[in-house]
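Inside the fold
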Amino acid sequence: MIGQIAIVLFDGFAFGMLLFVLSVGLSVTLGLMNFINLAHGAFGMLGGYVTVLAMRQLGLPFLLALPAAFLAAALVSVVFERTLFRRLYKAGELNQVLFTIGVVFVAAAVATYAFGTVQQVIILPSWLRGSVEVFGLRLGVYRIFLIAIALAVTALLVFGLERTRLGAQIRAAVDNQRMAQGLGLDVERIFAITFALGSGLAGLGGALAIEIVGLDPSFGFHYLVYVLIVVAVGGLGSITGSFVGAALLGIGDVAGKYFVPEIGSFLIYLLLVAILFVRPLGLFGKR
């Protein structure tokens, strides 16, 4: 029984780390830029399909396809940000929601036309397949890899936003845009970089998700729900909150489906309600 619980905790934490990589970009853009970008899931789907094409058509190894997915999602998001989304920064929340969810519908239709509705699969390198024994437990190698990626992303984001000049510029532009412009900061460029970073992380998450949850044109809708739950539970703009919230929700989701399969799919929503009932702004939310 103890071994089963340990395996469930490990698998749940690994799934939570996947949710973290998918969601932390939205936490950054929504929390720092005050822009409700429901198209975030579409950028995750884009990263997944770029990975599939890079590995199948170009013959790139998996480790090179991952940065390709990040860059593709980041570059496409910059085009959208400069041509479309920027016009909505000062619009109401309803306009932002309606427009960005429309982008997801368009993205799903384009993916269906280009790739069909079948689940996409990729072949991982041999060293990422199978499992290893740790303290008598068989742990999936790919899930260990997911956890390592998520920890690296967390460290880089915390360092980048808290300890670098760009991070200081981003915080200044968000706190007082007019004052930042008066000090000579290029606020539009800073916002474009922030948006590209958030969307690029979504693309990376979409690439990593193929092996765990699969990839099809509904990806942008289905996992947008999980992403929004993680952001709500963790708190807007909080990287630590997204990490803790994703871990809790991942473990809760996997544990529920394993131990109480009758209500397993609903358990994540019960956790959401319980946490927000006690902490309406999220675990680490400040506003």
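Structure report, in brief. Computed from a prediction, not measured in an experiment: that's the story for all the values here. (Residues numbered from 1 in each chain as written. Predicted model: local features only at pLDDT ≥ 70, side-chain atom pairs only at ≥ 80, totals over all residues. Heavy atoms only, no water.)

Each helix and strand counted, the chain has 11 helices and 2 strands in total. Taking 19 Å as the expected radius of gyration for a compact globule of 287 residues, we find that the chain reaches 19 Å, a close match to that expectation. With the C-alpha coordinates of the chain rotated into their principal frame, the extents come out at 60 × 50 × 35 Å. The 287 residues of the chain split such that 48% are buried. If you take every contact in the chain between residues at least 6 apart in sequence, the share linking residues at least 24 apart comes to 77%. For the chain, the accessible area works out to roughly 13900 Å², and carbon and sulfur atoms hold 69% of it. Averaged over its 17 positive side-chain charges, the chain has a centre that lies 8 Å from the centre of its 12 negative ones. (Helix = DSSP H or I, 4+ residues; strand = E, 2+ residues; numbered from the N terminus. Rg over C-alpha atoms; globule rule 2.2 N^0.38 Å. Buried < 20%, exposed > 50% of the residue type's maximum accessible area, 1.4 Å probe, protein only. Contact = heavy atoms within 4.5 Å. Areas by Shrake-Rupley, 256 points an atom, 1.4 Å probe, with all protein chains shown as cover. Lys, Arg positive; Asp, Glu negative; His and termini not counted. Charge placed at Lys NZ, Arg CZ, Asp CG, Glu CD.)

Here we come to the pairing of strand S2 (residues 137-140). One ladder, built from 4 bridges, connects strand S1 (residues 131-134) with S2; its direction is antiparallel. Looking at the pairing, Val-134 lines up with Leu-137 of S2. Linking S1 to S2, which pair antiparallel, is a turn of 2 residues; within it Phe-135 sits at a positive phi near 50°. (Pairing = 2+ DSSP bridges.)

It is worth spelling out helix H5 (residues 141-163) at this point. Its 23 residues place the ends of H5 32 Å apart at the C-alpha level, agreeing with the 33 Å of an ideal helix rising 1.5 Å per residue. Taken residue by residue, H5 has Val-141, Tyr-142, Phe-145, Leu-146, Ile-147, Ala-150, Val-153, Thr-154, Leu-157 and Leu-161 as its buried positions. (Expected span 1.5 Å × (residues − 1).)

In total, this model carries 4 salt bridges according to the counting rule given. In this structure, Arg-143 and Asp-11 form a salt bridge, with 3.6 Å as the shortest nitrogen-oxygen distance. On the criterion of sequence distance, the pair formed by Arg-143 in helix H5 and Asp-11 in helix H1 (residues 2-33) is long-range, its members being 132 residues apart. Look at Asp-11 and you get partly exposed, because its relative accessible area is 24%. (Salt bridge = Lys/Arg side-chain N within 4 Å of Asp/Glu carboxyl O.)

Bringing the packing of H5 against helix H8 (residues 187-213) into the picture now. Where H5 meets H8, the closest approach of the two axes is 11 Å, and the angle between their N-to-C directions is 170°. When the interaxial angle is binned, H5 and H8 end up roughly antiparallel. For the pair H5 and H8, the contacting residues are Tyr-142, Arg-143, Phe-145, Leu-146, Ile-149, Val-153 and Leu-157 in the first and Leu-197, Leu-201, Leu-204, Ala-207, Leu-208, Glu-211 and Ile-212 in the second. Residues of the contact of H5 with H8, tallied by class, amount to 12 nonpolar, no polar and 2 charged. (Axes fitted to C-alpha atoms, helices over the stretch in contact; angles between N-to-C directions. Parallel < 35°, antiparallel > 145°, perpendicular 65-115°, else oblique. Nonpolar A, V, L, I, M, F, W, Y, C, P; charged D, E, K, R; others polar.)

On to the environment of Val-121. Relative to the helices and strands, Val-121 is located in the loop between helix H4 (93-115) and S1. Classification of Val-121 by relative accessible area gives exposed; the value is 56%. Considering only alpha carbons, one finds Val-121 and Asp-216, 95 residues apart in sequence, at a separation of 9.8 Å. Among all residues touching Val-121, those that are not within four sequence positions of it are Arg-56 and Ile-210.

The next thing to look at is a nonpolar patch on the surface. Side chains of Ile-5, Leu-9, Val-225, Tyr-258, Phe-259, Val-260, Ile-263, Phe-266, Tyr-269 and Leu-270 sit close together on the surface and give an oily, nonpolar patch of about 840 Å² of accessible area. Every element with two or more residues in the nonpolar patch is listed here: H1, helix H10 (239-259) and helix H11 (264-278). Looking at the nonpolar patch element by element, the count peaks at 3 residues for H11. Position of Ile-5 relative to the elements: it lies in helix H1. (Patch = residues over 30% accessible without salt bridge, like charges linked within 9 Å, V, L, I, M, F, W, Y side chains within 5 Å.)

Phe-20, Phe-62, Tyr-142 and Leu-208 are the most contacted members of the largest nonpolar core, which totals 77 residues. A per-element tally of this core places H1 first, with 13 residues. When sequence neighbours within four positions are dropped, the list of residues in contact with Leu-208 reads Leu-18, Val-21, Phe-62, Leu-66, Tyr-142, Phe-145, Leu-146 and Ile-149. (Core = buried A, V, L, I, M, F, W, Y, C linked by side-chain atoms within 4.5 Å.)

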